[in-house]
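The primary structure of each chain is shown beneath.
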Amino acid sequence: DGGITQSPKYLFRKEGQNVTLSCEQNLNHDAMYWYRQDPGQGLRLIYYSQIVNDFQKGDIAEGYSVSREKKESFPLTVTSAQKNPTAFYLCASSIFFGGNTEAFFGQGTRLTVV
Amino acid sequence: DQQVKQNSPSLSVQEGRISILNCDYTNSMFDYFLWYKKYPAEGPTFLISISSIKDKNEDGRFTVFLNKSAKHLSLHIVPSQPGDSAVYFCAASAGYGGSQGNLIFGKGTKLSVKP
């Protein structure tokens, strides 16, 4: 089954700790994205990657970091510099960046800072 | 500044009737528009899309209308079913060569379809 897998589904972090969210896709998509959803808000773009070994900041990149060493994987690290990390995080991929193409989403990771 | 706006946070419709969800955008470079459906604690699922060269796209019970001059699109669901109850997100992108190849999302409209 092709798709996007995010893990874990729920994650708890103590204040001051870094935490890494996993995102793997087997769709052979070039582009991958990380979005954040807060209550009553739309999806806001954190980082995106058009191709392997490339990534760009989105609208709310502060306090986050990413890597794209493999086409299939785009992990997101939430650092201690992120002031309000409690949110629902969504990873997505599309066949390529730009163009008239839809993005496919994973099931999300709920991060809670305790 | 929001480039994609969904001004109705919620909508309640009777089963069997039409649901109309609205979306406005400000960026004239957007040329591809999508609707996603999202259940709580799940990722959004793609529903339907429309290119700016069209003014209508239909897929079963779902139809998207695009009015470029008004920078407005709408999603019609006919007939509405209780299983359609979810949050619907409008999204847009600037497409080929655009600086905004990623999707820009609205804040969503929560649709409740009552039996």
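Residues numbered from 1 in each chain as written. Chains lettered and ligands numbered in written order. Predicted model: local features only at pLDDT ≥ 70, side-chain atom pairs only at ≥ 80, totals over all residues. Heavy atoms only, no water.

Overview of the state of the cysteines
Going by this rule: Cysteine sulfur atoms are paired as a disulfide whenever they fall within 2.5 Å. By the criteria applied, helices consist of DSSP H or I runs no shorter than four residues and strands consist of E runs no shorter than two, each listed in order from the N terminus. Each residue is placed in one exposure class: buried if its accessible area under a 1.4 Å probe, protein chains only, is under 20% of its type's maximum, exposed if it is over 50%, and partly exposed if it falls in between.
Throughout the structure, instances matching the rule amount to two disulfides over all chains. Covalent S-S linkage joins A:C23 and A:C91, the inter-sulfur distance amounting to 1.9 Å. Of note, the bridge from A:C23 to A:C91 carries an S-S torsion of about -75 degrees and is left-handed in sense. Highlighted residues: A:C23 in strand β3 (residues 19-25) and A:C91 in strand β9 (residues 87-94), separated in sequence by 68 residues. The exposure class of A:C91 is buried, given its relative accessible area of 0%. With a sulfur-sulfur separation of 2.0 Å, B:C23 is cross-linked through a disulfide to B:C90. Linking B:C23 and B:C90, the disulfide has an S-S dihedral of approximately -75 degrees and is accordingly described as left-handed. Linking B:C23 in strand β3 (residues 19-25) with B:C90 in strand β9 (residues 86-93), this pair joins segments that are 67 residues apart in sequence.

A closer look at the interface of chain A and chain B
Rules: Should any heavy atoms of two residues lie within 4.5 Å, those residues are counted as being in contact. Buried area, as used here, totals the accessible surface that two parts lose on assembly, with accessibility defined by a 1.4 Å probe and the loss added over both. What makes a salt bridge here is a side-chain nitrogen of Lys or Arg within 4 Å of a carboxyl oxygen of Asp or Glu, nothing more. In the analysis that follows, any N or O atom pair within 3.5 Å is treated as a polar contact, provided that within protein one partner can donate a hydrogen and the other can accept it, and provided that, for residues neighboring in sequence, both atoms belong to side chains. Each residue is assigned to one of three groups, with Ala, Val, Leu, Ile, Met, Phe, Trp, Tyr, Cys and Pro labelled nonpolar, Asp, Glu, Lys and Arg labelled charged, and all others, Gly among them, labelled polar.
Each partner contributes residues to the interface: chain A has 23 residues there, and chain B has 21 residues. With both chains or domains summed, chain A and chain B bury close to 1800 Å², and 57% of this area falls on carbon and sulfur atoms. Between chain A and chain B we count zero salt bridges in total. The interface formed by chain A and chain B contains four residue pairs in polar contact (both at pLDDT 80 or more). Elements that contribute at least two residues to the side of chain A that touches chain B include exactly β4 (31-37), β5 (43-49) and β9 of chain A. Classifying every residue of the side of chain A that touches chain B by side-chain character gives eleven nonpolar, ten polar and two charged.

Overview of the nonpolar core
Residues and elements named next belong to chain B. So the rule is basically this: Definition of nonpolar core: a set of buried residues of the types Ala, Val, Leu, Ile, Met, Phe, Trp, Tyr and Cys, connected through side-chain atoms within 4.5 Å.
In this structure, F33, W35, L73, L75 and Y88 are the most contacted members of the largest nonpolar core, which totals 24 residues. Counting only elements with at least two residues in this core, the list comes to β3, β4 (32-38), β5 (45-51), β7 (62-67), β8 (72-77), β9 and β11 (109-114). Contacts of L73, omitting those with residues within four sequence positions, involve L21, N22, C23, Y25, F33, W35, V64, F65, L66 and C90.

Let's talk about the pattern of salt bridges
Here the structure, examined in full by the defined rule, presents four salt bridges over all chains. When salt bridges with common partners are traced through the structure, they connect A:R36, A:D38 and A:R44 into a single cluster.

Some words on the packing of aromatic side chains
Any aromatic ring pair is given by two values, namely how distant the centres are and how the planes are angled relative to each other. Residues and elements named next belong to chain B. Counted only if it meets this: Pairing of aromatic side chains requires ring centres within 6.5 Å, counting the rings of Phe and Tyr and the six-membered ring of Trp. Pairs whose planes differ by under 30 degrees are stacked, by over 60 edge-to-face, and all others tilted.
Evaluation of the coordinates by the stated rule reveals 14 aromatic pairs over all chains. When the centroid spacing of 6.4 Å and the interplanar angle of 85 degrees are considered together, the rings of F89 and F105 count as edge-to-face. With a gap of 16 residues between them, F89 in strand β9 and F105 in strand β10 (residues 104-105) connect regions that are remote in the sequence. Residues F89 and F105 agree in their burial class; the two are buried.

Considerations on the sheet that holds β3(B)
Residue and element names in this part refer to chain B. Operational definition: Two strands are counted as paired when DSSP detects at least two bridges linking them.
Taken in spatial order, the five strands of this open sheet run β1-β3-β8-β7-β6, and their pairing is antiparallel. Where the open sheet ends on each side, the last strands, each with one partner, are β1 (4-5) and β6 (56-59). Here six bridges tie β7 to β8, and the two strands are oriented antiparallel to one another. From the neighbouring strand, L66 faces β8, where its bridge partner is L73.

Topic: the layout of surface pockets
As a reminder, the rule being used: We place a 1 Å grid over just the protein atoms. Points where a 1.4 Å probe fits but has no way out form a cavity, open points with protein on both sides within 12 Å along at least 5 of 7 lines form a pocket, and any residue with an atom within 4 Å of a point lines it. Grid points are joined across faces, edges and corners, and a volume is the space filled by probe spheres set on the points.
Quantified by volume, the largest pocket comes out at close to 440 Å³. Forming the boundary of the largest pocket are 22 residues, of which A:Q37, A:G40, B:K38, B:P40 and B:V87 lie nearest the centre. Only β9 and β11 of chain B provide two or more residues apiece to the lining of the largest pocket. Tallying contributions element by element places β11(B) first for the lining of the largest pocket, with four residues. Along the lines of polarity and charge, the residues of the lining of the largest pocket split into ten nonpolar, seven polar and five charged. In this structure, the second largest pocket encloses a volume near 300 Å³. Lining the second largest pocket are 17 residues, with A:L43, A:R44, A:D59, B:I104 and B:F105 sitting closest to its centre. Counting residues per element, the ones that place at least two in the lining of the second largest pocket are β5 of chain A together with β10 of chain B. By residue number, the principal contributor to the lining of the second largest pocket is β5(A), which donates three residues. Classifying every residue of the lining of the second largest pocket gives eight nonpolar, five polar and four charged.

Any functional reading would require information beyond the geometric quantities listed.
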